[in-house]
Every structure is written in structure tokens, then in C-alpha cells.
Amino acid sequence: MAEIAYREALNQALFEEMSRDPRVFLMGEEVARYDGAYKVSKGLLDKFGSARVVDAPISELGFGGLGVGAAMVGLRPVIEMMTWNFAILAMDQIVNSAAKLRHMSGGQLRCPIVFRGPNGAGGRLSSQHSQALEANYAHFPGLKVIAPGTPADAKGLLKSAIRDDNPVIFMEGELLYGVKGEVPDGEHVVPIGKADIKREGSDVTIVTWSRMLTAVVLPAAELLAQEGINVEVLDLRTIKPMDEEAIAASVKKTNRAVIVEEGWGYAGFGAHVADFISRQCFDDLDAPVGRVTGLDVNMAYAENLERLILPSAARVVEAVHQVLYR
Amino acid sequence: MASTELMLTMYRKMLLSRRFEEKAGQAYGLKKIQGFCHLYIGQEAVVVGVNEALRPTDWVMTGYRDHVHPLVRGADAGMLMAELYGRDSGYSKGKGGSMHFFDIEHGFYGGYGIVGGQIPLAAGLGFASKYRGEDRVTVCSFGDAASNQGAMHETFNMAAKWKLPVLYIVENNRYGMGTDIARVSAVPQISKRAGAWDMRGEAIDGMDALTVYEKAKELVDWIRAGNGPVLLEANTYRFRGHSMSDAATYRTKDEVELEKQKDPILKLRKVLLDKRAATEAQLDAIDDEEKAHVEKAVAFADAAPLPPDEDVWTHTTVEEGEPDVHPRERVLGATDVKWPSFPSDFKVAWDLEPRTPQTPAAKTERGQGGATNKKGAA
């Protein structure tokens, strides 16, 4: 087991999948000669050539749609969006084409495509470059949404996403690329739709995903342990389809739940998780479901304001106290 | 030049298209078809002229005025009508309806309801062909109003730069819904805009099937030879409103009457008669046959069952191991369906962006050139 950075784990997944399947190609802004804006595609151009690692013009709608078209006729494109903020320009093709092709064609077509790129705050980037947008995509039938929080999950899930026959939204953490973690050697595939218990506990279930796991939730769990509170940390890893079984099993054990997400609370994905727990695990609950989210405001540039807007370990500790009535 | 046989084929296919759309309009009036329904009546020369210039293995896609594009490629008229009726026997099991026809067996990759949405998709089809080294051409139709979508600019830039094998046809019927294209376009002659991407662009009379055929043939050959995409503007006219709910009051009666005199079906009929390639009786017989063809399609749709309720859960996502649906096989039990299959093991030979290393020789040459100029100036 080697310790590598999140970006290297993604690079390995791309390298391995492109090596085993000539139908896989990578297209996006700066992915080829520049090695990727976040260096995820480092070295791929030299290995696979310019038709398989393609520098696209800054035309998210155009190359997003081009990828969808290629997927309709037997290729397996990986479309890199420099950030999910920019992918908003491609949303028409993702939502109106990719997500609906199987359906509109009555099962004649499939659309095996991965849209991937960084999601969430990048640090001092103000409001247009700091959005966590997974809830938007989770809303649309026909899309799968993945948001891994560790290098091992990033690698294993990207490989699964590339092999999946549906359009997959693959959201990386802009502040996770340099984070290191152990990744199993050899073939490592993580199934889509399976959550993972990142810390076992008995008092409160914390449901989270992506960067919040290592940045906020696990540090909060350490603080709570010092008070004698054992939280169970359930990392969803896949937003859609959501692992309902794993959530229910954990809540059954702890009887309390807090959901932690970087994005806005209003109609955020955590609201869906809370809805599920409240209705499906009602008899198991000893307290209303708690939530920690980004504040419902636009992201500020100022350091102190940005810190206030994003969830923190302190806010998680507070929310856990609340569901424990402490 | 088109042979007599080909002209008769085109005549027949234009009549099939016309009669199919007339019946669709009638069925709409009877509420057998609902929702949005955009008829192609008046524009038949474009779709038929282009189609006859294609190989069966070529691909076609268009916007939501999409009933006749698969029809002239050989789709089953009854199953298309059943799709309009929202029945299980339709090509998409009643899930797509008027705006989303798909017939992959015949290379028809869809009708799209977002204006211009098919333009980037077609570039993707072309990209895949080039990626695998196929000599296939993709034809992508869109309306005049789609030319003002950003998707067109973004796509043409890439298609031209990467020389993708796509024939883009703007079916210019002069109105984007109720708005005269000239009222909202700085450059209403859309083919002229091709110059912005250093792309070949041409405009033709889209009411003349023979003109369309000849030009399409020339352009398809040119594209197949690897020269890159083309923007062909076919100037045409729809005799009906934008959709079934449009009374088209934004056009004068005189204008519509004038355009109806250029009816593409009557035009080809006159050519056939003038050339003594067919008699009035023969041509009337073709019309009768296509009327009967469409009557049969309507009867098929009328008798077709609704999709079962449990079908609401299918085809939103592909489950593991789930096969693709082959409509003619599923509905008619056809055994001659040739479904396209794509290789999973091949070598990508295409060098999309060849590196042109700065060779020392090239550098020297420029250096010397500079020196020479200096000398000359001195």
C-alpha cells in the first residue's frame, strides 16, 4: 500500500483505464500539454497521444456536448471541467442530452461518459469559484453523482465511473488534490453507490462526503472523543445513488444523526439525507436530525468571512452536542 | 445528375413525408397526438435531397422537427406514428414522442428539443468516426434560429479546427417560431458566417430536391475525403405554423401563398413530366401508394397498446448487463435488423494535434530571413 496524493490517485485511475480500453479518451481545458490545471492528467499526453488527451478550447457547452455525442456511438469519454463552476455552462448538454438519451431513445442508446473536475471551495476564490454543486446534479434522474474524500476512493471510484454505462458526475475536491492517503496496490476498484464507515462509533452518526470528511468531520470526531463521545463517520462517497442501507444501519445503531456538507443548506443534498433518515428511521431516532452546512450566502474573499461561511469542526461539535441534548 | 430512378425515389419519399405529416396534423386535431408537434410540410426537398446523397452507414440527427428524417431513411412509418400517439409500439416505447424520434438501426440519432442542442452532439459523432478511422459522414440539421445559439459557435470552432466529418445543414425556413430570422440576426444569411471559422459555407435553394441532392452529394464526398465540416444553408419554407398550436399570424397570406407555389413536390413532378420520365398516371399512382402506406401506419398506431405502467421505471439508467433495445425486433419481430456495433479493441491512429517541433533548421531560416531583411533595409 503506497501513500499518494489525491491527484496522483486520479492520474493512476485515468492511466490504467486508458491503458486497458482504447475507447476511453480525456478532453478538457489544459488537460494535454499543460498536464491539467491541477496536474491530474500529468504525463497522459505523451503516453496516449493527442487524439486521446485533447486540449479543448474554452467552450464547456461545446466540448461537453461533443463528449456526449462520442459516448452515444461507442466511445467512453472523460470530460474534464476545469471546475464545476464552469460546468454550469455545459449543464444543458449534461442535463438535457446525457441524462435523457437512454430514456428518449426508449433504450436504444446509452451514454457512458464521465464529467469530472474540482468542486467546492478552493481557498480565497470568492463567489464564482467556490461553489459545491453536487445537489444540482443529484436532482436529475439519469445521472450518477460521486464525490470521493480520500485518494483511495478517488482512484477506485473513478475507475468504476469510467466503466459505468451511464453519465457520471465525478466531483473532486479542489482542496483535496494535494491530500495524501494510502491507496491499495494493483487493481483497486470501488463500487458506485456504496458508503464507507470511516470511523466506527456508537453515539452519533455523522453522514458526510468529499472534503468535509478529512477537513472537518474526522477532526471533530477526535475532539468529541476527548469528551467521551464516540461518533460514527459514514462517508457516502456516492451521492447518487445514495447508500440508504448503510445510512439506516448506522442510525439504527446510534439513534442520532448529523449531516455535514460544504454546500448551501437550502435545498442542499443534506436535506435529502435528512428527509430519508427522518422518514425511514423515525422509530430509531432519539433526536431530530442535525445539519451542518455552508452558510446560505455567496462566498466572500476575505479570510475571516470565508472561514465563517464554510463548515468547521467547531460547528460539527456543536451540532453533535445538540442531537445529544448536551 | 440524378437518374430517373433516383428522381422517382425522391418524389416518392417527399410524398411519403407530406402524407405522413398531414395525417399527423389530422391526428393532432383529433387529440390522438398531443403535446408539441412540429410538422415538416413544405421543407421536404431538404431532407430527401440530402438523404439520397448518403450511405446507409452515415448518421443523421436534427432538432425537434424530426418526423421525416428517420422516415426517409427507412424507419417504419407505423412505429413512428405509434410514437406520436405515445404507444408502446413506438420507436421509443412512447417515452420520446414527437420531438424525440430515434432510429439507431437506420442511423438516425435523434430529435432534440433544446434549440441547437444537437449541434455539439453531431461533432461528437464525427469525432468518434475520426477517432476510430471510419469514413462515415454525420449530417446534422438545425433551424435558422439555432444559428444564434452559442452552441453553434463553440462547435463550429472545434469541428473546423479538428476537421470533423460533419455536414451541418441549416434548414432556413426564415422563422424561429414567430420571429423572422432577419429581425434578430446581424448576419441573416447564415452560410456567410462559416467564414468566421474558416469553414466551407454555401447556400442553396432548399425547395428544389435536385439542387439539394447534387450539392449534398458534392459536399458529402468532400467531407468524406477528410476536408472537414461544411455549413450548408438550405433556404426553405414551412407551409404550416411553427407547431400545431401556431396559427402563424406573423406571416402574410400573400407570402405563404407565394411560397406554396414553390412546393418542392410539384416542382419535382414537373421535372419528371417535362423529361417524360413518368406519366401523370404513374405519378398519381405513387401518391396513392404513399397515402395507403400512411393509412396503414395510422391504423397500426390506432391499434397499438399503451406502454405498461411498470415501464415508468425503465430506461432512466442502464442497469449492469442490460442490453440495448432494438425497436423493430421488439415490436415487429423483425429478424433482419442490422444494429451498429463498435469495436472495443482498436488502435487510435489519428494525431489530432501533431507536434511541430521547432527544428533547428526552421529557426535558422527565420533568423537568416531577419538578417536578410535588415540588410535589404540598409
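Cut-offs applied
- Residues numbered from 1 in each chain as written.
- Chains lettered and ligands numbered in written order.
- Predicted model: local features only at pLDDT ≥ 70, side-chain atom pairs only at ≥ 80, totals over all residues.
- Heavy atoms only, no water.
- Helix = DSSP H or I, 4+ residues; strand = E, 2+ residues; numbered from the N terminus.
- Rg over C-alpha atoms; globule rule 2.2 N^0.38 Å.
- Buried < 20%, exposed > 50% of the residue type's maximum accessible area, 1.4 Å probe, protein only.
- Contact = heavy atoms within 4.5 Å.
- Areas by Shrake-Rupley, 256 points an atom, 1.4 Å probe, with all protein chains shown as cover.
- Lys, Arg positive; Asp, Glu negative; His and termini not counted.
- Charge placed at Lys NZ, Arg CZ, Asp CG, Glu CD.
- pLDDT = per-residue confidence, 0-100.
- Domains from an automatic or database assignment.
- Buried area = accessible area lost by both parts, 1.4 Å probe.
- Salt bridge = Lys/Arg side-chain N within 4 Å of Asp/Glu carboxyl O.
- Polar contact = N/O pair within 3.5 Å; in protein donor to acceptor, adjacent residues only side chain to side chain.
- Nonpolar A, V, L, I, M, F, W, Y, C, P; charged D, E, K, R; others polar.
- Axes fitted to C-alpha atoms, helices over the stretch in contact; angles between N-to-C directions.
- Parallel < 35°, antiparallel > 145°, perpendicular 65-115°, else oblique.
- Left-handed = near helix turned anticlockwise from the far one by under 90°.
- Arc of directions from axis to C-beta.

What to know about the overall build of chain A
For step 1, the next point in the chain: In terms of helices and strands, chain A carries 12 helices and 14 strands.
For step 2, the next point in the chain: A globule of 326 residues ought to have a C-alpha radius of gyration of about 20 Å, and chain A, at 19 Å, matches this closely.
For step 3, the next point in the chain: With the principal axes as the frame, chain A shows a C-alpha extent of 60 × 45 × 40 Å.
For step 4, the next point in the chain: Counting across all 326 residues of chain A, residues that qualify as buried make up 63%.
For step 5, the next point in the chain: Taking the contacts inside chain A whose residues are at least 6 apart along the sequence as the reference set, 80% of them involve residues at least 24 apart.
For step 6, the next point in the chain: Entry remark: accessible area of chain A is about 11,500 Å², with carbon and sulfur atoms responsible for 51%.
For step 7, the next point in the chain: Taken as two groups, the 33 positive and 42 negative side-chain charges of chain A have centres that lie 4 Å from each other.

Some thoughts on the confidence of the model for chain B
For step 1, the next point in the chain: Looking at chain B, the pLDDT average stands at 94 and 94% of residues meet or exceed 70.
For step 2, the next point in the chain: Note on residues 362–378 of chain B: pLDDT is under 50 here. Beyond four places in sequence and across chains, it has two contacts.

Focus on the domain arrangement of chain A
All names here are of chain A.
For step 1, the next point in the chain: Split into domains, chain A comes out as domain 1 (2–183) and domain 2 (196–323).
For step 2, the next point in the chain: Here the C-alpha centre of domain 2 lies 26 Å away from the C-alpha centre of domain 1.
For step 3, the next point in the chain: The contact between domain 1 and domain 2 buries some 2,200 Å² in all, and 58% of this surface belongs to carbon and sulfur atoms.
For step 4, the next point in the chain: The largest contributions to the domain 1 side of the interface with domain 2 come from Arg 124, Glu 134 and Ala 147, which together make up 25% of the buried area.
For step 5, the next point in the chain: Linking domain 1 with domain 2 are two salt bridges, by the criterion used here.
For step 6, the next point in the chain: A salt bridge links Asp 153 to Arg 237; its shortest N-O distance comes to 2.9 Å.
For step 7, the next point in the chain: Counting the contacts that link domain 1 with domain 2 gives 13 residue pairs in polar contact (both at pLDDT 80 or more).
For step 8, the next point in the chain: Residue assignment for the side of domain 1 that touches domain 2 shows that the elements contributing at least two residues are α6 (134–138), β6 (144–146) and α7 (151–163).
For step 9, the next point in the chain: The class makeup of the residues in the side of domain 1 that touches domain 2 is 16 nonpolar, 10 polar and four charged.

A few points about the packing of helix α3 (residues 60–72) of chain A against helix α5 (residues 118–132) of chain B
For step 1, the next point in the chain: Put simply, α3(A) and α5(B) touch, their axes get as near as 6 Å, and they point 55 degrees apart. One finds that α3(A) runs oblique with respect to α5(B). In the crossing of α3(A) with α5(B), the sense of the turn from one axis to the other is right-handed. Counting all contacts with α3(A), which are made through Leu61(A), Gly62(A), Gly65(A), Leu66(A), Val68(A), Gly69(A), Ala70(A) and Met72(A), the residues of α5(B) involved are Pro120(B), Leu121(B), Ala123(B), Gly124(B), Leu125(B), Phe127(B) and Ala128(B).
For step 2, the next point in the chain: For the contact of α3(A) with α5(B), the residue count by class is 11 nonpolar, four polar and no charged.

Some words on the packing of α3(A) against helix α6 (residues 150–161) of chain B
Two measures define how a pair of helices packs: the angle their axes make with one another and the distance between the axes.
For step 1, the next point in the chain: Two elements in contact, α3(A) and α6(B), have axes separated by 8 Å at closest approach and are oriented at 65 degrees. In terms of their interaxial angle, α3(A) and α6(B) are classed as roughly perpendicular. Here α3(A) and α6(B) pass one another in a crossing that is right-handed. Along its contact with α3(A), which presents Glu60(A), Leu61(A), Gly62(A), Phe63(A) and Leu66(A), the element α6(B) presents Ala151(B), Glu154(B), Thr155(B) and Met158(B).

A word on the interface of chain B and chain A
For step 1, the next point in the chain: Listed by partner, the interface residues are 54 residues for chain B and 49 residues for chain A.
For step 2, the next point in the chain: Regarding the contact of chain B and chain A, the summed buried area is about 4,100 Å², with carbon and sulfur atoms giving 63% of it.
For step 3, the next point in the chain: A salt bridge links Glu322(B) to Arg102(A), with the shortest nitrogen-to-oxygen separation between them at 2.7 Å.
For step 4, the next point in the chain: Inspection of the region where chain B meets chain A yields 23 residue pairs in polar contact (both at pLDDT 80 or more).
For step 5, the next point in the chain: Among the elements of the structure, β1 (59–62), α5 and α6 of chain B are those that each provide at least two residues to the side of chain B that touches chain A.

What to know about helix α9 (residues 244–254) of chain A
All names here are of chain A.
For step 1, the next point in the chain: Taken residue by residue, α9 has Ala 246, Ile 247, Ser 250, Val 251 and Thr 254 as its buried positions. With its buried residues spanning 125 degrees around the axis, α9 presents them on a single face. In α9, the exposed residues that point more than 90 degrees away from the buried face are Glu 245 and Lys 252.
For step 2, the next point in the chain: Of the surrounding elements, those touching the buried residues of α9 are β10 (204–208), β11 (231–235), β13 (257–264) and α10 (269–280).
For step 3, the next point in the chain: Just downstream of α9 lies Asn 255, where phi reads positive at about 65 degrees.

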